[in-house]
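Now for the letters of each chain:
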Amino acid sequence: MIRLGVNIDHIATIRNARGENHPDLILSAKNIKNYGADLITVHLREDRRHIKDRDLIKLSKLKRIPINLEIAANNKMLKIALKFKPKFVCLVPEKRKEITTEGGLNLSKNKNIIQKIVSKLNSKNIRTSLFINPNINDIKIASYINTKCIELHTGKISRLIKKNKNYNNELIKIKKCAKYASSIGLEVHAGHGMDIKTAKILTKIKEISEFNIGHFIIGESIFFGLKKIISKFKKICK
Ligand code: PXP
């Protein structure tokens, strides 16, 4: 069974739009866990555009809910991770102006700092993961760095699937990477841009043990929830 990590950044985005506490992020994390998700993923961005430090303080107190903290690979974010000790940390590349995480880490360029961060997190028993593009060379570096897991960026295959384009080459690439990574002892995760169709396709790769999905799940919950909330209001209006 593949573990499902639900990224709740966009719940914070909606909450932040009003500067108050609705929708309550912590309550959403508890509910998401109760509804069957295996972990809650949050990306504490350097510009704090969605998840805030105070969210992390509260989330890290929820001992029943495994938190997967996504952070940029630098000492400032490492310090925060070591302070709050989430169960899992995933290092991601981060650009100030990007809308979402564009592509995986540049491991060749940032090998030393990433290795230092991973080693520190490993020593504190925090599960480490590196968000990388599906390519064998990065997997070799990831293994050298001694991360426990890799998360393969599924943005490209997700885009192709959504546009009804041929995604076969990308699927083969992801499959090869997942098999190779698993054969050298890395745990393989997948995430970014995934929807139901992508998830169904990727479940066929047996080496993938975790999905991290945000935008689609939060967006789709609007359609699942609107009926209930509108009828609630209509009852009040009667
Ligand atoms: N995995 C990682 C490492 C990410 O950075 C993101 C986006 O924050 C996701 C998964 C989830 O992507 P999406 O919101 O497109 O499902």
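This report concerns the structure included in the present document. Residue positions are counted from 1 within each chain, in the order its sequence is given. Under the rules for a predicted model, residues below a pLDDT of 70 receive no local features and side-chain atom pairs below 80 are neither given nor counted, while totals for whole chains, interfaces and linings still include all residues. Side-chain numbers here rest on the full set of heavy atoms in the structure, without hydrogens or water.

**With respect to the overall build of the protein**
Turning to step 1, where the next piece is worked out: Secondary structure counts use DSSP, requiring at least four H or I residues in a row for a helix and at least two E residues in a row for a strand, with both numbered from the N terminus. Per the secondary structure count, the protein includes 10 helices and eight strands.
Turning to step 2, where the next piece is worked out: Compactness check: the protein gives a C-alpha radius of gyration of 18 Å against a globular reference of 18 Å for 238 residues, within 12% of the reference.
Turning to step 3, where the next piece is worked out: Principal-axis analysis of the C-alpha atoms gives the protein an extent of 65 × 45 × 35 Å.
Turning to step 4, where the next piece is worked out: Counting the 238 residues in the protein, one finds 47% classified as buried. Note that the radius of gyration is over C-alpha atoms, with the globule rule given as 2.2 Å times the number of residues to the power 0.38. Burial status follows relative accessibility: with a 1.4 Å probe on protein chains alone, a residue under 20% of its type maximum counts as buried, one over 50% as exposed, and anything between as partly exposed.

**Looking at the side chain of glutamate 207**
Turning to step 1, where the next piece is worked out: By the secondary structure assignment, glutamate 207 is in the loop between α9 (196-202) and β8 (208-213).
Turning to step 2, where the next piece is worked out: Separated by 3.2 Å, the side chains of glutamate 207 and lysine 206 make a polar contact.
Turning to step 3, where the next piece is worked out: Not counting residues up to four positions away in its chain, the partners in contact with glutamate 207 are Ala178, Lys179, Ser182 and Val188. Under the rule applied, a polar contact is a pair of N or O atoms within 3.5 Å (in protein, one hydrogen donor and one hydrogen acceptor; residues adjacent in sequence only if both atoms are side-chain atoms). Two residues qualify as a contact provided that any one of their heavy atoms is within 4.5 Å of a heavy atom in the partner residue.

**Some thoughts on the packing of helix α2 (residues 25-34) against helix α3 (residues 53-61)**
Turning to step 1, where the next piece is worked out: A fitted line through C-alpha atoms represents every axis, and for helices the fit uses only the stretch in contact; the resulting angles, taken between N-to-C directions, go from 0 to 180 degrees. At a minimum axis separation of 10 Å, α2 and α3 run at an interaxial angle of 35°. Pair α2 / α3 crosses with right-handed handedness. Residues Leu25, Ile26 and Ala29 of α2 pack against Asp55, Lys58 and Leu59 of α3.
Turning to step 2, where the next piece is worked out: Three classes are used: nonpolar for Ala, Val, Leu, Ile, Met, Phe, Trp, Tyr, Cys and Pro, charged for Asp, Glu, Lys and Arg, and polar for all others, with Gly counted as polar. Looking at the contact of α2 with α3, its residues break down into four nonpolar, no polar and two charged. Crossings are assigned a handedness: left-handed for a near helix turned anticlockwise from the far helix by less than a right angle, right-handed for a clockwise turn.

**As for the site of the ligand**
Turning to step 1, where the next piece is worked out: Surveying the vicinity of the ligand reveals 14 residues, the closest of which are Thr101, Glu151, Gly193, Gly214 and His215.
Turning to step 2, where the next piece is worked out: Contacts to the ligand include glutamate 151, whose side-chain N or O atom sits 2.5 Å from a nitrogen atom.
Turning to step 3, where the next piece is worked out: Considered on its own, the ligand offers 390 Å² of accessible surface; in the complex 94% of this is hidden by protein.
Turning to step 4, where the next piece is worked out: Its residues placed into classes, the shell around the ligand shows three nonpolar, nine polar and two charged. One heavy atom within 4 Å of a molecule or strand is enough for the residue carrying it to be called near that molecule or strand. Each accessible area is a Shrake-Rupley estimate made with a 1.4 Å probe; only the visible protein chains count as cover when residues are assessed.

**Points about the side chain of arginine 45**
Turning to step 1, where the next piece is worked out: Turning to its location among the elements, arginine 45 is positioned in the loop between β2 (39-43) and α3.
Turning to step 2, where the next piece is worked out: Among residues more than four places away in sequence, those in contact with arginine 45 are His50, Glu94, Lys95, Glu98, Ile99, Thr100 and Thr101.

**Considering the pattern of salt bridges**
Turning to step 1, where the next piece is worked out: Salt bridges are defined by distance alone: a side-chain nitrogen of Lys or Arg within 4 Å of a carboxyl oxygen of Asp or Glu. Within the structure shown, the criterion is met by 11 salt bridges.
Turning to step 2, where the next piece is worked out: Close ionic contact of glutamate 187 with arginine 3 constitutes a salt bridge, the shortest N to O distance being 2.5 Å. With glutamate 187 in strand β7 (residues 187-191) and arginine 3 in strand β1 (residues 3-7), this residue pair connects regions lying 184 residues apart in the sequence.
Turning to step 3, where the next piece is worked out: Taking relative accessible area as the criterion, glutamate 187 reaches 27% and is therefore assigned partly exposed.
Turning to step 4, where the next piece is worked out: Counted as one network, the salt bridges with shared partners bring together Arg3, Arg127, Glu187 and Glu210.

**Thoughts on the pairing of strand β3 (residues 67-72)**
Turning to step 1, where the next piece is worked out: When you tally the buried positions in β3, you get six out of six residues, the bulk of the element.
Turning to step 2, where the next piece is worked out: A two-sided burial pattern is seen for β3, the buried positions comprising Ile67, Leu69 and Ile71 on one face and Asn68, Glu70 and Ala72 on the other.
Turning to step 3, where the next piece is worked out: By the convention used here, strands pair only if DSSP detects at least 2 bridges between them. Pairing analysis gives four bridges linking β2 to β3, with the strands arranged parallel. The partner of valine 42 across the bridge, within β3, is leucine 69.
Turning to step 4, where the next piece is worked out: We call a crossover right-handed when, viewed with both strands directed away from the observer, the connection leading from the first strand over the helix to the second proceeds clockwise. Traced from β2 through α3 to β3, the parallel crossover comes out right-handed.
Turning to step 5, where the next piece is worked out: Across five bridges, the pairing between β3 and strand β4 (residues 88-92) is parallel. By the bridge assignment, alanine 72 is partnered in β4 with valine 92.

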